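Notes for the structure review
Here's the letter readout for the chains.
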Number of protein chains: 2
Amino acid sequence: MTIVDMSSVNAFIPGRAELTAHQASMIEQRDRLLGPAYRLMYQKPLHFVRGEGVWLYDPDGRRYLDTYNNVVSLGHCHPDVVEAITKQVATLCTNTRYLHETILELADGLLSTVSGDLSHMMLTCSGSEANDLAYRIAKVRTGGTGIIITETAYHGITDTVSQFSPTLGEAVPLGAHVRTVKAPAAYRSGPNVADRFRRDVEAAIADLKRHGIKPAMLIVDSIFTSDGILPEEPGFLKGAVEAIRDAGGIFVADEVQPGFGRTGNHMWGFQRHGVDPDIVTLGKPMGNGQPIAGLLTRHDVVEKFGRSSRYFNTFAGNTVSCAAAVAVLQVIRRDKIMDNAREVGAYLLEKVSALRSRHECMGHVRGAGLFVAADINAEKAMQISSGALTASVVNAMRDDGVLISACGEDHNILKIRPPLIFTRDNVDHFVEVLDKALEASTR
Amino acid sequence: MTIVDMSSVNAFIPGRAELTAHQASMIEQRDRLLGPAYRLMYQKPLHFVRGEGVWLYDPDGRRYLDTYNNVVSLGHCHPDVVEAITKQVATLCTNTRYLHETILELADGLLSTVSGDLSHMMLTCSGSEANDLAYRIAKVRTGGTGIIITETAYHGITDTVSQFSPTLGEAVPLGAHVRTVKAPAAYRSGPNVADRFRRDVEAAIADLKRHGIKPAMLIVDSIFTSDGILPEEPGFLKGAVEAIRDAGGIFVADEVQPGFGRTGNHMWGFQRHGVDPDIVTLGKPMGNGQPIAGLLTRHDVVEKFGRSSRYFNTFAGNTVSCAAAVAVLQVIRRDKIMDNAREVGAYLLEKVSALRSRHECMGHVRGAGLFVAADINAEKAMQISSGALTASVVNAMRDDGVLISACGEDHNILKIRPPLIFTRDNVDHFVEVLDKALEASTR
């Protein structure tokens, strides 16, 4: 079975690289047992058997620096999370139709990180389910159905959410009630990004209304991950949020990727922009790997939905997942994880930026905390697209034991997103390998 | 905050019963922190701190016989599952974009329980996500959007799946592309249930087409759980499955509730009916509490979807959830769990049926394996609805330390669904308490 799926960034494409017998055998089993929908990363897919901190280990004991993981944000197999899961799973695993302290402790901890208006937490199993639930609530709250997103957004894979996740590719159609706006990229289109973004959102609202569609929500990943990681300038979301509210819709901050301290200065990406979302959706790092996600919202936003529709999700809010998430929150506070994201993130940004003087293909470098992006631009003489050059860099780094990936419309943006326990030594190692990969790929 | 939600069976309704200070305090915290969408079970909600086998323990050490749990089918805190999770969570928790043996072992094990045509396994985090993914695949496969369900069906809570889950109540509208048919209940409407069900499905197909909607799928819970548990007569699904296929749609067997051996004679409920589904969806007991769900399907059904749309779900198929599910499959086989479900289930059915001679309100009793239902019918002289009488029985049993719930359009069907390790002694205890509750509620 040969799958060539150019819409999937950094996916394994059969026949492009020599595989070991072991890799080939496992890939054959996957194709046979999991079918044609699954993708592997890298030209030579990786098989891991153990993880510890920022390191992943293959069956031969070779270690890889994991610089592409916002699920195990506290590092692989963090002892506090492992202990919390181990203890709870041997004691009780049950659902939210019974009383249990842990879910209340989790809600209390999460809600203490946001303004008092956001007073309720609801739990799901995945970030997709969280954005799906946010939309269900938005429809009941606003009476509308229209959705505004950025043009390279990713919000998840349920049937409904896939209709507002353009990065899934052209085979997954956007909904007739969905409008896309340009992502607010100051470095590409100049300053006054706030004004332009507000105007674009206003135009999308007008277009929805012209088609008889009442707006329900503007939803953005507050660091614009799949649009290429766009942190600048802080505050640029304000005007667009006002616009959607003026039109009767709500603003949903998708914190599945930027949340839980990744951006360094704040627990949540939207806080960099000084806005108060109506709903904040949470996911990936919430249980450091244990499946748990959810949302925070105001009472008035969820009141009608809660009263009339109720909500139960068998696994969501189970005692084990809640115990993992409580441990994650405790470690973030106790070990000052956010300070580390800010300080080591600044060092990472400085060191990656410095490579620009040595490599002409390195374009704009930007970031917030431990979320850094670098554009790769191929020169005409190289006879290779920028996306292909980026893939070459990513795969050269993989061969040298460092894991990152790419993003952006042209697949030419390096996406650097290590666990939040990354150290300055890890940065030095990372930058050394990136430097070599850039050298080798442009030689 | 007072929520009266009569559409939710056996939900706690504030003000109906005296609560302890501890219960009242935890409920106040839930209302404040989790908001208005969450429901508790029973008139006096329960707080559990520990589970073991078929028992749940409250903070005072009082134990409750859990006869309403199809998640921890192997019993609370099953040692093999606890060990599998404990070991894997300390070793590696990562996703399906890397190679890993455990997901292949799980696929191999699950696919060995079905006919060879069903050759692929795909994983999700919840049963809702599984049915949601089944619909996405059905749309791509058939080019249609129409869905046929039974009139009291429940398939999940994503935005799309809630539109074909009528038990969520009238506040959650069915989709314009959804048609409902009467559940095939031989005991209510006489024999020839297969013919009638086929004719009803054919009429629904004709109505979809008359509205310009191409059928995509017929989806049924193969034991019709929320329609009141309808096992008879085996084989009645065949005609309806032929009808949906003749119309270009596919047949999806929702095994989230009946699956994993519950019905005693077969691993999956659809196997009682001698049909081959195009997609089988799995959930609840799959990881004995760990969030994992998914589907099995044929290559030709998923081929186009897989090639064009691909599929990645961050938490789904993570190594820890897969390890839990592999352990569940091993225990089901090693400990002959299905034999126990069949034998103890037959004993349970016999003992519950025998209560009919002592209690006039006990109507039709039926079941398959450890899934038993009993209709409760109030007499006119009692001046209480059948649903209210059923609630009274359920809450009296809860007060006496035995947990069950109710289902059905009129909420008057006792839903008896213990873990599959239930023993004959457990049955005796259960029936004794049910007998007393029936006596007390009709006195």
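Just so it is clear, the structure is predicted and the values come from calculations on it, not from any experiment.

Okay, the overall build of chain A next. In terms of regular secondary structure, chain A is built from 13 helices and 15 strands. On C-alpha atoms alone, chain A measures out to a radius of gyration of 22 Å, which is about the 22 Å that the 2.2 N^0.38 rule sets for 443 residues. Dimensions along the principal axes, computed over C-alpha positions, put chain A at roughly 60 × 55 × 45 Å. Across the 443 residues that make up chain A, the buried fraction comes to 65%. Once local pairs closer than 6 in sequence are excluded, the contacts in chain A between residues at least 24 apart make up 73%. Accessible surface for chain A amounts to roughly 15000 Å². Of this, 47% is attributable to carbon and sulfur atoms. Taking the 46 positively charged and 51 negatively charged side chains of chain A as two groups, their mean positions are separated by 3 Å.

Turning our eyes to something else, we now look at the domain arrangement of chain A. All names here are of chain A. Here the domain parsing of chain A yields domain 1 (48-76 + 337-442) and domain 2 (79-334). Taken over C-alpha atoms, the centre of domain 1 sits 26 Å from the centre of domain 2. Facing 30 residues of domain 1, the contacting portion of domain 2 comprises 30 residues. Looking at the side of domain 1 facing domain 2, the largest losses of area belong to L74, M338 and F371, adding up to 27% of the total buried there. Our count for the domain 1 to domain 2 interface comes out at zero salt bridges. For the side of domain 1 that touches domain 2, the element with the most residues is helix 11 (residues 337-354), which contributes four residues. When the residues that make up the side of domain 1 that touches domain 2 are grouped by side-chain class, the tally is 16 nonpolar, eight polar and six charged.

A separate point is the environment of R63 of chain B. Residues and elements named next belong to chain B. Tracing the backbone shows R63 in strand 3 (residues 63-66). With relative accessibility at 44%, the residue R63 sits in the partly exposed group. In this structure, the C-alpha to C-alpha distance between R63 and L174, residues 111 residues apart in sequence, is 40 Å.

The pairing of strands in a sheet comes from backbone hydrogen bonds and takes either a parallel or an antiparallel form. Residues and elements named next belong to chain A. The sheet built from four strands is open, its strands ordered 1-2-3-13 with mixed pairing. Since the sheet does not close on itself, it has two edges, and those belong to strand 1 (50-52) and strand 13 (402-403), each with one partner. As judged from the three bridges shared by strand 1 and strand 2 (residues 55-57), these two strands associate in the antiparallel manner. For E52, the partnering residue across the bridge sits in strand 2 and is W55.

Of the transformation placing chain B onto chain A, the axial shift is 0.0 Å and the rotation is 180 degrees, giving an RMSD of 0.0 Å. Read as a symmetry element, the transformation amounts to a two-fold axis. Judged by C-alpha distance, T86 of chain B is the residue of chain B that lies nearest the rotation axis, at 2.6 Å.

This part covers the packing of helix 4 (residues 127-142) of chain A against helix 9 (residues 299-309) of chain A. Residues and elements named next belong to chain A. One can describe the packing of helix 4 onto helix 9 by two numbers: an axis separation of 8 Å at closest approach and a directional angle of 95 degrees. As judged from the angle between their axes, helix 4 and helix 9 are roughly perpendicular. Taken together, the residues of helix 9 that come into contact with helix 4 (itself represented by L133, R136, I137, V140 and R141) are D300, V301, V302, K304, F305 and S309. Of the residues assigned to the contact of helix 4 with helix 9, the class counts are six nonpolar, one polar and four charged.

Right, let's talk about the sheet that holds strand 5 (residues 146-150) of chain A for a bit. Residue and element names in this part refer to chain A. Taken in spatial order, the seven strands of this open sheet run 4-10-9-8-7-5-6, and their pairing is mixed. Each edge of the open sheet carries a strand with a single partner, namely strand 4 (118-124) and strand 6 (178-181). Direction aside, the axes of adjacent strands within the sheet are offset by 20 degrees on average. Where strand 7 (residues 215-221) lies against strand 8 (residues 250-254), five bridges are found, and the strand directions are parallel. Opposite D221, over in strand 8, you have D254 as the bridge partner. Packed on one face of the sheet, helix 8 (residues 238-246) meets strand 5, strand 7, strand 8 and strand 10 (293-298) and runs near 160 degrees to strand 7. Across the sheet, helix 9 touches strand 4, strand 8, strand 9 (279-282) and strand 10, and the angle it forms with strand 10 is around 110 degrees.

Cut-offs applied
- Per chain, residue numbering runs from 1 following the sequence as it is written.
- Ligands are numbered from 1 and chains lettered from A, in the order in which they are written.
- The predicted nature of this model means local features are confined to residues of pLDDT at least 70 and side-chain atom pairs, given and counted, to a pLDDT of 80 or more, with totals for whole chains, interfaces and linings taken over all residues.
- With hydrogens and water excluded, all non-hydrogen atoms of the structure serve as input to the side-chain values.
- Numbering of helices and strands runs from the N terminus, with a helix taken as a DSSP run of H or I at least four residues long and a strand as a DSSP run of E at least two residues long.
- For the radius of gyration, the atoms used are the C-alpha atoms, and the globule rule reads 2.2 Å times the number of residues raised to 0.38.
- Working definition: with a 1.4 Å probe on protein chains only, accessible area under 20% of the residue-type maximum means buried, over 50% means exposed, and in between means partly exposed.
- In what follows, residue pairs with any heavy atoms lying within 4.5 Å of each other are defined as contacts.
- Residue burial considers only the protein chains on display, and all accessible areas are found by Shrake-Rupley using a 1.4 Å probe.
- This count recognises Lys and Arg as positive and Asp and Glu as negative, with His and chain-terminal groups excluded.
- For charged residues, the charge sits on one atom: NZ in Lys, CZ in Arg, CG in Asp, CD in Glu.
- What marks off one domain from the next here is an automatic or database domain assignment.
- Put simply, buried area is the surface a 1.4 Å probe can reach on two separate parts but cannot reach once they are joined, added for both.
- For this analysis, a salt bridge means a side-chain nitrogen from Lys or Arg found within 4 Å of a carboxyl oxygen belonging to Asp or Glu.
- Any residue that is not Ala, Val, Leu, Ile, Met, Phe, Trp, Tyr, Cys, Pro, Asp, Glu, Lys or Arg is counted as polar, Gly included; the first ten are nonpolar and the last four charged.
- Two strands qualify as a pair provided DSSP detects at least 2 bridges between them.
- The least-squares superposition of copies is restricted to C-alpha atoms, and to residues with a pLDDT of at least 70 in both copies.
- Working convention: axes come from line fits to C-alpha atoms, limited for helices to the stretch in contact. Angles between N-to-C directions cover 0 to 180 degrees.
- When describing relative orientation, an angle under 35 degrees is termed roughly parallel and one over 145 degrees roughly antiparallel, while 65 to 115 degrees is termed roughly perpendicular and anything else oblique.

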